[in-house]
Amino acid sequence: MLRFLLKGILRDRSRSMFPLLVVVAGVSLTVVLHAWINGVMHDIIRSSANFQTGHVKIMTREYADLSDQFPNDLALLGLADLQRELARDFPHMFFTPRILFGGLLDVPDEAGETLVQGPVFGMAVSLLDPNSRERDLLNLDEALVQGRLPRNPSEILLSEEMAQKMNIGPGTVATLLGSTMHGSTAAVNFKVVGTLRFGVSALDRGALLADLSDIQKALDMEDAAGELLGFFSDDFFQVEQAAAVVTAFNASRAQSNDPFGPEMISLRDQNGLADILDMSGAVIYGIAMVFLFMMFIVLWNAGLMSALRRYGEIGVRLAIGETKGHLYRAMLLESLILGLIGSAIGTLLGLTFAYYLQIKGLNVGDVMKDSSMVVSTVLRARVSPLTYCIGFLPGTLATFLGTATAGIGIYKRQTSQLFKELEV
Amino acid sequence: MIMFIVLLCQAGLPVGDGPDAEEILTRIDKNFHAENRVFTSRMIVHGRRASRTIVSKSWISGEDQSFSEYLSPPREKGIKMLKLADRLWTYSPSSDRVIRISGHLLRQSVMGSDLSYEDMMETDELAVNYTAEVTGEEKVGDRLCWVLTLNARKADLAYHQRTIRVDKERYIPLLEERFAKSGKLLKTTEIKEVMRVGQRWVPKHMVFRDVLKKGKGTEFILDEIAYDVAIPEHLFSKASLRK
């Protein structure tokens, strides 16, 4: 039976070509769109986690309320004790402290007077600690444009865009003018040893990256940090797992009314990411359903046309004794085979294009140049195991449903009229 | 109709008996103005976690030249500031650098206080910068005051409008509200205590409050002040910042 149907599909191309093309086009588009949305969502989450939110983030309650202002006077104190406690309670995670700060970078001329100055957005992370994973989190090796990464105290990195604007480069000594956590003026000399391009517009405009211990010293923040970012060791964010960690951490401190006590927040509850996370799943399945519906309509129509074209063939088969049910099932099986072949070809084509977008990406730097979102300027698709099979659902279901609906006409044929219809 | 005529007659006239608004401003300026003055003060900055007291000594010549040196606490000791007309420099011993404060940094807080560098840069001459109108009378504590509404004569002033309550007898503004162009209240200043120095009334204890900040404000206490003393001219130079 299967062999008979396959021969029919292959030999009578006018019967199979149109439905096959529809399935191939629909499935390949579903596959590419799934990979693209998956990639963009993954990039938003990864960039946000690595640069801003962690998988979870700990701040003081007061700091959390004003976190967009970098209120370091409300920073976490007793950092070492807190980190020890976290390592004990959550061994499957690692935590990394950061200080975000604003300031003015002032470059002197030969006489020590101000030559050029500009506002900077500062981020202090553990750069000199050999156990630190910040280098990977911030992708520093790839982001480095000029010079090298800091190896000694008092060495900083500057965004390439800022360095060009100020006409400085590696080797320049500049003074960072800012405020200590107590509000005093902080003026500290640093040596620029390298420039970075993160590929994130919000940072590339004017970021300064310094070692945590240097900034703790400069801003009077010994054993303190504005934020403590937590990451799952497998680098994979899971909503439920993060929520469980947050609940466990905050529950142990629920009795405390200290406004400067630590509070943990999940990535999901920061920067409006909850909407993005919820939306990503819905969008992917929404796309699959839209394509399923569109292909169903087209294939239903194709099935009706096919039934008209194959009117004679169906009549002969009924006339020689094939039951209507057998004929209907044979046509359904035929459509299923067609759907599977079309889905396989469509998935192959879609995956080829999706892998291309995963490797090459699409540069949206011009669109994002004024954006404050921490998102990469090169957006890439991301092929996941689901990408391999997501096209088969609309591909096979649409052909099946299309034929099932169009094939109902078989049951309307009157056997007594067949010979008249066939003019035998 | 009678009411309308009464209101028309009142328009543009000072409320009650006494000097008009411009004269009040001139007398405030006259009370504050001096050829030069040297003072030592304490600034108590009430932070959200703790308070700090910063002691400084300042030398001021006319309206355009001032030099300040911070004496304590240790973190601030040795920091100096120089103002020459509309330019401001700061010297920090930790970096051994003289840095010009300009642009957006002028709006930043000085030492974490409720005062900005821009506030420090302002000249004291209200009559030059603002037009005034007497809009009422009010008691501040037990002192009877004129209520004056000041509007900026120039577009580049930090505050577009001010409302001040001026002591009728001493010609010192006891309460002040400073507004942005949008009408939003930005800062308040309250003089808690005044002292007599020669013929002048001088604020002894003031509280500045940046209303955009969640804080208890910054107290300013004047410990010593001397008027018309000799100040060497070389003090008002960038070279003196490093000395």
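Reading guide: rules and limits
- Residues numbered from 1 in each chain as written.
- Chains lettered and ligands numbered in written order.
- Predicted model: local features only at pLDDT ≥ 70, side-chain atom pairs only at ≥ 80, totals over all residues.
- Heavy atoms only, no water.
- Helix = DSSP H or I, 4+ residues; strand = E, 2+ residues; numbered from the N terminus.
- Rg over C-alpha atoms; globule rule 2.2 N^0.38 Å.
- Buried < 20%, exposed > 50% of the residue type's maximum accessible area, 1.4 Å probe, protein only.
- Areas by Shrake-Rupley, 256 points an atom, 1.4 Å probe, with all protein chains shown as cover.
- Lys, Arg positive; Asp, Glu negative; His and termini not counted.
- Charge placed at Lys NZ, Arg CZ, Asp CG, Glu CD.
- Salt bridge = Lys/Arg side-chain N within 4 Å of Asp/Glu carboxyl O.
- Phe/Tyr/Trp six-rings, centres within 6.5 Å; stacked < 30°, edge-to-face > 60°.
- Lys NZ or Arg CZ within 6 Å of the ring centre and 35° of its normal.
- Contact = heavy atoms within 4.5 Å.
- Buried area = accessible area lost by both parts, 1.4 Å probe.
- Polar contact = N/O pair within 3.5 Å; in protein donor to acceptor, adjacent residues only side chain to side chain.
- Axes fitted to C-alpha atoms, helices over the stretch in contact; angles between N-to-C directions.
- Parallel < 35°, antiparallel > 145°, perpendicular 65-115°, else oblique.
- Left-handed = near helix turned anticlockwise from the far one by under 90°.
- Pairing = 2+ DSSP bridges.
- Arc of directions from axis to C-beta.
- Patch = residues over 30% accessible without salt bridge, like charges linked within 9 Å, V, L, I, M, F, W, Y side chains within 5 Å.
- Nonpolar A, V, L, I, M, F, W, Y, C, P; charged D, E, K, R; others polar.

Whenever I open this one, the overall build of chain A confuses me. Can you help?
Per the secondary structure count, chain A includes 17 helices and 14 strands. What you see for chain A is a C-alpha radius of gyration of 31 Å, clearly larger than the 22 Å of a compact globule of 424 residues, by over 25%. Here chain A holds 424 residues, and 53% of them are scored as buried. As displayed, chain A offers around 20000 Å² of accessible surface, 59% of which is attributable to carbon and sulfur atoms. Side chains of chain A carry 34 positive and 43 negative charges; the gap between the two charge centres is 19 Å.

I keep staring at the pattern of salt bridges and nothing clicks. Help me out?
All names here are of chain B. Inspection of the entire model under this criterion finds 26 salt bridges over all chains. Linking R52 and E76 is a salt bridge whose minimum nitrogen-to-oxygen distance equals 2.9 Å. Pair noted here: R52 is in strand β2 (residues 51–61) and E76 is in the loop between β3 (65–72) and β4 (80–84), with a separation of 24 residues, a long-range link. With respect to burial, R52 and E76 carry one shared label: buried. Close ionic contact of K168 with E137 constitutes a salt bridge, the shortest N to O distance being 3.1 Å. Remark: E137 occurs in strand β7 (residues 130–140) and K168 occurs in the loop between β9 (161–167) and β10 (173–179); sequence separation between them is 31 residues. Linked through salt bridges whose partners overlap, the residues forming this network are D119, R162, E176, R178 and K187.

Just checking my understanding: could you explain the packing of aromatic side chains for this structure?
One pair of aromatic rings is described through two measures. These are the centre distance and the angle between the planes. Counted by the stated rule, this structure contains 7 aromatic pairs over all chains. Arranged with centres 5.4 Å apart and planes meeting at 20°, the rings of F94 of chain A and F231 of chain A form a pair that is stacked. Of this pair, F94 of chain A sits in strand β3 (residues 93–108) while F231 of chain A sits in strand β11 (residues 227–232); the two residues are 137 residues apart in sequence, bridging distant segments of the chain. Both residues of the pair, F94 of chain A and F231 of chain A, count as buried. The structure contains a cluster of three or more aromatic residues connected by ring pairs, namely F39, F208 and F220 of chain B. Between R253 of chain A and the ring centre of F249 of chain A, over which it is positioned, the NZ or CZ distance is 4.0 Å. Over the aromatic face of Y227 of chain B sits the side chain of R200 of chain B, whose NZ or CZ is 4.3 Å from the ring centroid.

Got a minute to help me understand the interface of chain B and chain A in this structure?
Many descriptions give the size of an interface as the accessible area lost when the pieces come together. The interface of chain B with chain A comprises 22 residues on the first partner and 32 residues on the second. Summing both sides of the interface, chain B and chain A together bury roughly 2200 Å²; the carbon and sulfur share of this comes to 44%. Among the residues of chain B in contact with chain A, R48, R49 and R75 of chain B are the three that bury the most area, contributing 35% of the side total. The interface formed by chain B and chain A includes 4 salt bridges. Taking the shortest distance from any N to any O, the salt bridge between E113 of chain A and K238 of chain B comes out at 2.8 Å. The tally of links from chain B across to chain A stands at 18 residue pairs in polar contact (both at pLDDT 80 or more).

Just checking my understanding: could you explain the packing of helix α13 (residues 324–360) of chain A against helix α16 (residues 392–406) of chain A for this structure?
Geometrically, a packed helix pair is captured by the angle between its two axes and the distance between the axes. All names here are of chain A. Relative to each other, α13 and α16 sit at 155°, their axes nearing to 8 Å. Judged on the interaxial angle alone, α16 and α13 are roughly antiparallel. The two elements α13 and α16 meet at a crossing, and its hand is right-handed. On the side of α13, the interface is formed by Y328, M331, L332, S335, L336, G339, L340, S343, A344 and T347, while α16 contributes F392, G395, T396, T399, F400, T403 and A404.

Quick question: what am I supposed to make of the pairing of strand β6 (residues 97–101) of chain B here?
One face of the sheet, then the other: side chains in a regular strand alternate in exactly this way. Residue and element names in this part refer to chain B. With 4 of 5 residues buried, β6 lies mostly within the body of the structure. Looking at chain direction, strand β5 (residues 87–92) and β6 are connected through 5 bridges and run antiparallel. The residue bridging L88 from the neighbouring strand is I101, located in β6.

I'm lost on helix α12 (residues 311–319) of chain A in this one. Help?
Spacing of three or four residues puts side chains on the same side of an α-helix, whose turn is 3.6 residues. All names here are of chain A. Taken together, the buried positions of α12 are occupied by I314, G315, R317 and L318. The buried side chains of α12 occupy one side of the element, clustering within an arc of 165° when seen end-on. Two residues or fewer past α12, G321 is found with a positive phi of approximately 110°.

Please clarify how a nonpolar patch on the surface should be interpreted in this entry.
All names here are of chain A. Taken together, the side chains of M289, L333, L336, L393, L397, F400 and L401 make up a nonpolar region of the molecular surface, amounting to roughly 510 Å² of accessible area. Looking at the nonpolar patch, the elements that each hand over two or more residues are α13 and α16. Counting residues per element, the nonpolar patch draws most heavily on α16, which supplies 4 residues. By the element assignment, L336 lies in helix α13.

Honestly, the packing of α12 of chain A against α13 of chain A in this entry has me stumped. Any pointers?
Residues and elements named next belong to chain A. Running from N to C, α12 and α13 cross one another at 140°; their axes reach a closest spacing of 10 Å. When the axes of α12 and α13 are compared, the pair comes out oblique. Of the two possible hands of crossing, α12 and α13 adopt the one that is right-handed. Taken together, the residues of α13 that come into contact with α12 (itself represented by I314, R317 and L318) are K324, L327, A330 and M331. Its residues assigned to classes, the contact of α12 with α13 comprises 5 nonpolar, no polar and 2 charged.

Just checking my understanding: could you explain the environment of A251 of chain A for this structure?
Residues and elements named next belong to chain A. Mapped onto the elements of the fold, A251 is located in helix α10 (residues 239–251). A251 gets classed as exposed once you look at its relative accessible area, which sits at 51%. Remark: the alpha-carbon pair of A251 and E263, spanning 12 residues in sequence, is separated by 9.8 Å.

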